Structures are given as C-alpha cells and as structure tokens.
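# Remarks on the overall topology
Below, each chain spelled out in residue letters.
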Amino acid sequence: MQTERLRIAIQKKGRLSKECQDLLKRCGVKFNMMGERLVVHSENMPIDLLLVRDDDIPGLIMDGVVDLGVIGENELEEVGLERAARGEPSEYVKLRRLDFGGCRLSIAIDKDADYAGPQDLQGKRIATTYPQLVKRYMDEQGVQFSTCMLNGSVEVAPRAGLADAICDLVSTGATLEANGLKEVEVILRSKAVLIQRTGDFNQDKTELIERLLTRMQGVIQAKESKYIMLHAPTECLEQIKALLPGAEDPTIIPLATDKSRVAIHLVSSENLFWETMEELKGLGASSILVLPIEKMME
Ligand code: ATP
Ligand code: MG
C-alpha cells in the first residue's frame, strides 16, 4: 500500500531518538512531538513520522510498511538474520550511515579469566540479546557455544551464574568494568543508519528522498567542519597555510590599514586543536577564530 506521504520510522524513546529528531529538524522537517502519539505529521513537508520501539523498525522496512527508517546497524542486522532464518522478507536499502549511535557489539568475560582467542570460548554459554550476530561470528570462528537469551541485564549474567560470557553493546566499557568483566572480542562496530524499503516509489517520493539525503549530507558535513579565520603576517603565509587542516585554497584578504598582514578564511573539514592554534600564534598569527558551520551545500 503506497501512502501519499513519506513515512519515516524512528525510535520513540531511547538512545537514538533525540539525535534522530535533531537531524530531521536540521534538514528542515518541521514537526511537533506532543504526547504519546504513534504518528506525527510534519507541518511543512509531506512526511509522517512513526514513533516506535527500535526493535520494530527493521521489520517495518522489510515488510514495506514504512518508506524510511533510522536504526542501529546492530538491531538491523540481528533482525535481518532472524527474519531470513524464518524465511521472511529481510531486504532493505542502506541509504547512508549517520553520525550518531556509535557503539560496538563485544564479547566480554570475567576480568580475571585467561583469554588467548575465540577458541577459549569453546563450549561456553554466552548471554546476549543478539543471538544471531553471536552465532554468525562464532560460526566464522568455528567455535561451538550455547546461548542464554536475555533482553536486559545481560552484564550481570556471569555473576548470576547464568552464563560464562556475554555479548553486549559497549560504548565506554564502564558497565563492563563495573560488573567485573573485560572486553575480549569486538564482533560488530555499529552506527545509526538511514534505511529504505525496497520496491517502487512514485516520482514525488523519490524526489523528496533525494532532497532529504542532500540535506542530510549538508548537515552532517557541516557538523564536522569549521570555518577558520585569522590574521597572519604576509611573510609567514606559506608556513601558516601548512599548519591549517584542509587549507588547499583559502581566501586571502588584505587588511584595511596594516599592509604587512592579511586575513585568511577557510572551511576546514576538521576542528583546529589548541596545539595548532598555539603554533599559529607562535608564527605571528592573531585574531584566530574557529566557528561552527550550520549548513553547507557543495
Ligand atoms: P527501545 O525501547 O526502543 O527498544 P532499546 O532499549 O532497545 O530501546 P536503546 O538503549 O535506546 O534501545 O539503544 C538504541 C540503540 O542505540 C542501540 O541498538 C545501539 O544501536 C545504539 N547505542 C549506542 N550506544 C549504545 C550503548 N552504549 N548501549 C546500547 N546501545 C547503544
Ligand atoms: Mg529495543
């Protein structure tokens, strides 16, 4: 059933929801999150947001019920493998990786246990929310194991005597440490991704998706870039340019009165570190400004 409006499934509440809503807003999609609604209509574009649990997003895409979705690769791949194993549709199109939701899916064991490699997990029981991804990894390693499926509190399973090891999402490692565990294998590095259902789209939707993608590109690129301005002595111009990240073609502007100095403006794909700023100053640069960029289009 092809709907008039573009349907985008996003996580209702959790680690992906704020950044996902911010991204859409920065792309110019206006909407108002109020109350406990499942569907939120955009006020200025033919877009409906479906607010659901992240577990449901891959299935909604794979069944073709929504057009786009934002989901962590960990969840996407797990559900895809599970559906494929059951013979259900598991196709989708990955439109782009996003710049949030970064984490890794790792195997962890008792911090005092010896570990030389995956073969040390032979015959062990691994507690996880991601049995399919664990199986794929262990099969690749040729190691036999058993699982203990848990949807929460995975990290306490070894202490509770439910499992010998765990496989869970890690970002800083603090939770593992607090539970007396150490990370021994990273089986997947995950980020949030924008995915699309397979099948046909009418002309209007195709154009809208293209527009959203171009805007997302601009928003993400802008977040990673900085606008750098400084004044520099003309005789040190080359040395100063060499210190600036991505300064192939900066704009050089003469100053109103001081003819021995120029202003340099450039868009850098990286931030300028304090150390570099200090070096620039050492070469005689002054009025060094590093500004955030809100949007860009190439
Ligand atoms: P829901 O109620 O929607 O099912 P959830 O509890 O399953 O939510 P969250 O904890 O909100 O999920 O995490 C959503 C996604 O955020 C994860 O699947 C993962 O892709 C990403 N993520 C990023 N960092 C972490 C982390 N440290 N721990 C867990 N997930 C993380
Ligand atoms: Mg979930």
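The following refers to the structure shown. In this text the structure is predicted, and so the values were computed from the model without any measurement.

About the cut-offs
Sequence order sets the numbering: in each chain, residues are counted from 1 along the sequence as written. Chains and ligands are labelled by the order in which they are written, letters from A for the one and numbers from 1 for the other. With the structure being a predicted model, the display of local features is reserved for residues of pLDDT at least 70 and the display and counting of side-chain atom pairs for 80 or more, all residues being used for whole-chain, interface and lining totals. Based on all heavy atoms of the structure, the side-chain values leave hydrogens and waters out of the count. Nitrogen, oxygen and sulfur within 2.8 Å of a metal are treated as its donors, or within 3.2 Å for sodium, potassium and calcium (Na, K, Ca); water is not counted, so a site can appear incomplete. Between buried and exposed lies partly exposed: a residue is buried under 20% and exposed over 50% of the maximum accessible area for its type, with that area taken using a 1.4 Å probe on protein chains only. Here a salt bridge means any side-chain nitrogen of Lys or Arg lying within 4 Å of a carboxyl oxygen belonging to Asp or Glu. Strands are runs of DSSP state E lasting at least 2 residues, helices are runs of H or I lasting at least 4, and numbering of each runs from the N terminus. It is the directions from the helix axis to the C-beta atoms whose arc is reported. When checking whether two residues touch, look at their non-hydrogen atoms; a contact exists if any pair is within 4.5 Å. Working definition: rings of Phe, Tyr and Trp (its six-membered ring) pair if their centres are within 6.5 Å, and the pair is stacked with planes under 30 degrees apart, edge-to-face with planes over 60 apart, and tilted otherwise. The rule for a charge over a ring is simple: NZ of Lys or CZ of Arg within 6 Å of the ring centre, and within 35 degrees of the ring normal.

Any two of four tetrahedral donors ideally make an angle of 109.5 degrees at the metal, while pairs among six octahedral donors ideally make 90 or 180 degrees. Around the magnesium ion (ligand 2), the donor atoms from the protein are Asp54 (OD) and Asp55 (OD), and they sit 2.1 Å away. Judged by its relative accessible area of 33%, Asp55 is partly exposed.

To continue, consider the pattern of salt bridges. On inspection of all chains with the given rule, the structure shows 17 salt bridges. With a closest N to O distance of 2.5 Å, Arg83 and Asp63 form a salt bridge. Within this pair, whereas Arg83 is found in helix H3 (residues 73-85), its partner Asp63 is found in the loop between helix H2 (57-62) and strand E4 (68-72), the two being separated by 20 residues in sequence. Overlapping salt bridges bring together Asp67, Arg197 and Lys205 as one network.

A separate point is helix H8 (residues 274-282). Along H8, the positions that sit buried rather than exposed are Thr276, Met277 and Leu280. Relative to the axis of H8, the buried residues are bounded by an arc of 100° and lie together on one face. Counted as exposed and oriented over 90 degrees from the buried face of H8: Trp274, Glu275, Glu278, Lys281 and Gly282. Looking at the buried side of H8, the elements it contacts are helix H7 (237-243) and strand E15 (286-292). Once H8 finishes, Gly284 follows within two positions and takes phi at roughly 100°, a positive value.

Before going further, it helps to spend a moment on the packing of aromatic side chains. A full pass over the atoms with the stated rule returns 0 aromatic pairs. Between the NZ or CZ atom of Arg197 and the centre of the ring of Phe201, over which it lies, the distance is 3.9 Å.

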